[in-house]
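# Residue-level structural notes
As a plain string of letters, each chain reads:
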Amino acid sequence: MKIHTGFLAGVVALSMLPAVASAQEAGQLQDSTQWTQAPAGARQALATPQQQAAPPAMTIDERHDGWVAIHHSPDHGLHTDLCIAGAENEVLMVRADADSLQLRSADDHWTLTPGSKGDMTVRIGAYQHVFHMQANDATTLSVDLKPKEMAALLDGMEQGRNASVEYGSRTVVNMALTGSAPVLDRFRGCAETNHFADLGRAPDARATPF
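The following paragraphs examine the structure supplied in this document. (Residues numbered from 1 in each chain as written. Predicted model: local features only at pLDDT ≥ 70, side-chain atom pairs only at ≥ 80, totals over all residues. Heavy atoms only, no water.)

## Notes on the overall build of the protein
When helices and strands are counted, the protein shows six helices and eleven strands. Taken across its 210 residues, the protein has 47% of its residues classed as buried. Counted over contacts in the protein with a minimum sequence separation of 6, partners at least 24 positions apart contribute 56%. Of the roughly 10700 Å² that the protein leaves accessible, carbon and sulfur atoms contribute 50%. (Helix = DSSP H or I, 4+ residues; strand = E, 2+ residues; numbered from the N terminus. Buried < 20%, exposed > 50% of the residue type's maximum accessible area, 1.4 Å probe, protein only. Contact = heavy atoms within 4.5 Å. Areas by Shrake-Rupley, 256 points an atom, 1.4 Å probe, with all protein chains shown as cover.)

This is the structure in structure tokens:
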């Protein structure tokens, strides 16, 4: 199952349409009539060729300051088969399912050659890592990560204030991490609850009902 470019922005745009006001309050984006009004990127994001006529359900779990956590259910809430979180501008996105953990980066203006490769360096305070990315399609880069690699990235993002993302030695994108901590914490919980991976706990997390 792929996440196409435009996914996070598309889901958020869908949740803001007047036609889905009641669904947004419930957190569910399931109605097929509402789905057809979504941007093409959002519709394609979670649809396989076999599912085009039966739109799946997405739930926005957490959203803060340009960051959003979402999970996908193929059976309207009974099971979760995909957890996603990231910046709404899609510079940094993380995803988890039963088969893999991935870091992704996307931009609608890119014209990548599918399968082409390049390095993406992420710097957040003391954290720095070079990810060897591969183009999924014309607008999306991805790399598979091990649980420890993913946990270290999440730790860095949740503790930092700003991130620098450098593509090769040509393009640098700076972004604020404000609002990412609760969103990424929900992603960790989604991955653990659904037995995709144990990504640890957020730094300085306080588990209390009060």
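## Brief notes about the packing of aromatic side chains
Counted by the stated rule, this structure contains one aromatic pair. Plain terms: the ring middles of Trp 110 and Tyr 167 are 5.4 Å apart, the flat faces sit at 75° to each other, and that makes the pair edge-to-face. Note that Trp 110 is positioned in the loop between strand 6 (101–106) and strand 7 (117–124) and Tyr 167 in strand 10 (residues 162–167), a separation of 57 residues in sequence. (Phe/Tyr/Trp six-rings, centres within 6.5 Å; stacked < 30°, edge-to-face > 60°.)

## Considering the side chain of Glu 62
Take Glu 62: it is sitting in strand 2 (residues 57–64). A polar contact of 2.9 Å, which involves the side chain of Glu 62, links it to the side chain of His 64. Leave out the neighbours within four places in its chain, and Glu 62 touches Trp 67, Val 68, Ala 69, Pro 182, Val 183 and Arg 186. (Polar contact = N/O pair within 3.5 Å; in protein donor to acceptor, adjacent residues only side chain to side chain.)

## Considerations on the pairing of strand 7
By the bridge criterion, eight bridges tie strand 7 to strand 8 (residues 127–135) in an arrangement that is antiparallel. Among the inter-strand pairings, Met 120 is bridged to a residue of strand 8, identified as Phe 131. If you look at the hairpin formed by strand 7 and strand 8, you'll find two residues sitting between the two strands, and Gly 125 has a positive phi there, around 60°. Pairing geometry for strand 7 and strand 10, over four bridges, is antiparallel. The residue bridging Val 122 from the neighbouring strand is Val 165, located in strand 10. (Pairing = 2+ DSSP bridges.)

## Some remarks on the pairing of strand 8
Across two bridges, strand 8 lies against strand 9 (residues 140–144) in antiparallel orientation. Pairing of Ala 135 across the sheet is with Leu 141, part of strand 9.

## Section: the state of the cysteines
Overall, the coordinates contain one disulfide when judged by the stated rule. The residue that forms a disulfide with Cys 83 is Cys 190, at a sulfur-sulfur distance of 2.0 Å. The sign of the -75° torsion about the S-S bond sets the Cys 83-Cys 190 disulfide as left-handed. With Cys 83 in strand 4 (residues 82–87) and Cys 190 in helix 6 (residues 180–193), the pair connects residues that are 107 residues apart, well separated along the chain. According to the relative accessible area criterion, Cys 190 is buried, its value standing at 10%. (Disulfide = S-S within 2.5 Å.)

## Brief notes about the environment of Arg 95
Of note, Arg 95 is situated in strand 5 (residues 93–96). Side-chain polar atoms of Arg 95 contact the side chain of Asp 97, separated by 3.0 Å.

## Things to note about the pattern of salt bridges
For the structure shown, the criterion picks out seven salt bridges. Between Glu 62 and Arg 186 there is a salt bridge; the shortest N-O distance is 2.9 Å. With Glu 62 in strand 2 and Arg 186 in helix 6, the pair connects residues that are 124 residues apart, well separated along the chain. Owing to a relative accessible area of 38%, Arg 186 belongs among the partly exposed residues under this scheme. Glu 158 is paired through a salt bridge with Arg 188; the nearest N and O atoms lie 2.7 Å apart. Taken together, the residues span a long stretch of sequence, with Glu 158 in helix 5 (residues 147–159) and Arg 188 in helix 6 at a distance of 30 residues. There is no split in this pair, since Glu 158 and Arg 188 are both buried. Counted as one network, the salt bridges with shared partners bring together Asp 61, Glu 62 and Arg 186. (Salt bridge = Lys/Arg side-chain N within 4 Å of Asp/Glu carboxyl O.)

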